[in-house]
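# Overview (structure and organization)
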Amino acid sequence: MNATMLVPAPRRPYGALPGEPPLAAPDGADGDSVPGACRASWVLPAVPSSTSRARRLVRAVLRDWTGSAKGEVAEVAELLVSELVANAVRHGRGEPVLALALRDGVLRCEVEDEAPVPLRARDRSPDDAEGGRGLLIVECLSLSWGVRPTSRGKAVWFELAPRSELAQS
């Protein structure tokens, strides 16, 4: 039986593996120019219920691309996409755009909005605030993450690297 698990790997900056083109096409680029990549994107309404819709979309796409929407990677992808969409709805402008790409075993998720203001992870010091920890979760659970400017505003992205391992009976 195969189980999907996260691959422990060092963080790396935005872009592809060394010597390869970027995983997500830059603004205005033809997304089909990266061979072997699966891509999907959606414009979401700027309403709180878009977070649950984004989770369903991620689950459906991963099922289509990999034959399964179960396992740790799918759960982490759903959680982190929820955080990014919630941030875009709460703090961004315009309708968020959710984009997913899977290439060479790396899943890249990106949420774009029209606010040019860069985001940053909240200070790790404990306090009583109920919110504001989403980007810390993204930072802790992703292979890498970041923010890039776009022609519309900004895109916040993260990458996960799944691998299949034989489960021990």
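Preceding this paragraph is the structure being described.
Scope of this entry: the structure provided in the associated data block. (Residues numbered from 1 in each chain as written. Predicted model: local features only at pLDDT ≥ 70, side-chain atom pairs only at ≥ 80, totals over all residues. Heavy atoms only, no water.)

### A look at the side chain of R108
Here is the rule we go by: Only DSSP runs of H or I with at least four residues qualify as helices, and only runs of E with at least two residues qualify as strands; both kinds are numbered from the N terminus onward. A simple rule labels every residue: compare its accessible area, found with a 1.4 Å probe on the protein chains alone, to the largest value its type can have, and call it buried under 20%, exposed over 50%, or partly exposed in between. A 3.5 Å cut-off defines polar contacts: any pair of N or O atoms within that distance qualifies, except that in protein one atom must be a possible hydrogen donor and the other a possible acceptor, and neighbouring residues in sequence count only when both atoms are side-chain atoms.
Here R108 lies in strand β4 (residues 106–113). Judged by its relative accessible area of 2%, R108 is buried. Within the structure, R108 has its side chain in polar contact with the side chain of E159 (distance 2.8 Å).

### Quick word on the environment of V138
The topology assignment puts V138 in helix α3 (residues 134–141). Classification of V138 as buried rests on a relative accessible area of 0%. Sequence separation of V138 and V76 is 62 residues, and the distance between their C-alpha atoms is 9.2 Å.

### Concerning the nonpolar core
What counts is decided by this rule: Among the buried residues, those of types Ala, Val, Leu, Ile, Met, Phe, Trp, Tyr and Cys that are joined through side-chain atoms within 4.5 Å form a nonpolar core. Throughout, a residue-residue contact means that at least one pair of heavy atoms, one from each residue, lies within 4.5 Å.
W42, V81, L98, F158 and L160 are the most contacted members of the largest nonpolar core, which totals 28 residues. Put simply, the parts of the chain that give this core at least two residues each are β2 (38–43), α1 (50–66), α2 (72–91), β3 (97–103), β4, α3 and β6 (154–160). Ignoring sequence-local partners within four residues, the contact set of F158 consists of A77, L80, V81, L84, L107, R108, C109, V138, S142, S144 and W145.

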